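Inside the fold
Each chain, letter by letter, is given below.
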Amino acid sequence: MRRAIFPGSFDPLTLGHHDIIMRGITLFDEIIIAIGKNADKKYMFTLEQRMKFITETFKDQPSISVKSYQGLTVDFCKKVNANFILRGLRNPGDFEFEKAIAHTNRKLSEIETVFLLTSSGKSYISSSIVRDVIRNNGDYTGLVPPFVRK
Ligand code: ADP
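Residues numbered from 1 in each chain as written. Predicted model: local features only at pLDDT ≥ 70, side-chain atom pairs only at ≥ 80, totals over all residues. Heavy atoms only, no water.

As a reminder, the rule being used: UniProt positions are given in the numbering used here, feature names are shortened, and annotations may be inferred rather than shown by experiment.
Per an unreviewed UniProt entry, the protein goes by Phosphopantetheine adenylyltransferase and derives from Maribacter sedimenticola. The heading Function (unreviewed entry) in the UniProt record of the protein holds the text "Reversibly transfers an adenylyl group from ATP to 4'-phosphopantetheine, yielding dephospho-CoA (dPCoA) and pyrophosphate."

Structure, rendered in structure tokens:
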């Protein structure tokens, strides 16, 4: 059983995340979308809203689920019996950041991080840009899955 977690804030879920998840599910038997809870972070959407965006978007995909967690990502992997962490790479900045985290996680555990390169046309999408567009009453419909648009 190849089970991966896809960790992040998903504030909110974007078409960039959606793309990585749908491509990831061809590699793994199961993906748990893991929403990390960080008490120091201010979110635009509540944890319940962020979970709902994900459950509704993937309601027809039985091998994709969502859970929230606190603490180290590798500890959460052990808790849910996942051997893989799935991450998306958009640009060299992501690479440098992800490299340090993946090496650290590898030092702390046997868990392997698997990277998928963003699809062309989606690399510019990030939750922070979507939040900026929302805050300024812009049209964000082309950046997020249909359920999030509502
Ligand atoms: P974080 O809070 O850790 O920045 P995010 O929720 O923004 O997490 O992202 C979770 C994962 O989704 C990360 O691996 C990130 O690189 C990936 N991701 C986000 N946007 C895109 C995109 N447009 N294309 C590919 N991967 C993406």
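Right, picking up where we left off after that structure.
1. A few points about the environment of Val133
Test applied: Labels follow the DSSP assignment, with helices taken as runs of H or I lasting at least four residues and strands as runs of E lasting at least two, numbered in each case from the N terminus. Residue contacts follow a heavy-atom distance rule, with two residues in contact if any of their heavy atoms lie within 4.5 Å.
Examined against the element boundaries, Val133 turns out to sit in helix α5 (residues 127-135). Here the alpha-carbon distance between Val133 and Glu110, two residues 23 residues apart in the chain, equals 39 Å. Beyond its immediate stretch of four places on either side in the chain, Val133 contacts Gly138, Asp139, Tyr140 and Leu143.

2. Some words on the nonpolar core
Condition: Here, nonpolar core refers to any group of buried Ala, Val, Leu, Ile, Met, Phe, Trp, Tyr and Cys residues whose side-chain atoms link them within 4.5 Å. When a residue's accessible area, from a 1.4 Å probe over protein chains only, is under 20% of the maximum for its type it is buried; when over 50% it is exposed; and in between it is partly exposed.
With 27 residues, the main nonpolar core has Leu13, Ile33 and Ile54 as its most contacted residues. If you list the elements that add at least two residues to this core, you get β1 (3-8), α1 (15-24), β2 (30-36), α2 (47-57), β3 (64-69) and β4 (84-89). What Leu13 contacts, discounting residues up to four positions off in sequence, is Ile21, Phe53, Ile54, Thr57, Phe58, Val144, Pro145 and Val148. By size, the runner-up hydrophobic cluster in this structure holds eleven residues, among which are Ile5, Ile32, Ala34 and Ala82.

3. Points about the packing of aromatic side chains
Our working definition: Aromatic rings from Phe, Tyr and Trp, taking only the six-membered ring of Trp, are treated as a pair when their centres fall within 6.5 Å; an angle between ring planes under 30 degrees marks them as stacked, one over 60 as edge-to-face, and anything in between as tilted. Counting as a charge over the ring demands two things of the Lys NZ or Arg CZ atom: a distance within 6 Å of the ring centre and an angle within 35 degrees of the ring normal.
Scanning all chains against the criterion turns up five aromatic pairs. Between Phe53 and Phe147, the aromatic rings sit 6.5 Å apart at their centres with planes inclined by 65 degrees, giving edge-to-face as the arrangement. On the criterion of sequence distance, the pair formed by Phe53 in helix α2 and Phe147 in helix α6 (residues 146-149) is long-range, its members being 94 residues apart. Between Tyr69 and Phe76, the ring centres sit 4.8 Å apart and the planes meet at 20 degrees, which makes this aromatic pair stacked. Judged by its relative accessible area of 9%, Tyr69 falls in the buried class. Classification of Phe76 as buried rests on a relative accessible area of 4%. Members of the aromatic cluster, connected to one another through ring pairs, are Phe45, Phe53 and Phe147. The ring of Tyr43 has Arg50 lying over it, and the distance from NZ or CZ to the ring centre is 3.9 Å.

4. Considerations on α2
Rules: This arc describes the spread of directions from the helix axis toward the C-beta atoms.
Among the residues of α2, those classed as buried are Leu47, Arg50, Phe53 and Ile54. Projected down its long axis, α2 carries its buried residues within an arc of 130 degrees, all on one side.

5. Thoughts on the pairing of β1
Here is the rule we go by: For two strands to count as paired, DSSP must find a minimum of two bridges between them. When the strands point away from the viewer and the path from the first strand over the helix to the second turns clockwise, the crossover is right-handed.
With respect to burial, β1 is a largely interior element, five of its six residues being buried. Both β1 and β2 contribute to a ladder of six bridges, which runs parallel. Residue pairing for β2: Ile5 is matched across the bridge by Ile32. Of the crossover connections in this fold, the one passing from β1 over α1 to the parallel β2 is right-handed. As paired elements, β1 and β4 share two bridges and run parallel to each other. In the sheet register, Ala4 faces β4, and the bridge partner there is Phe84.

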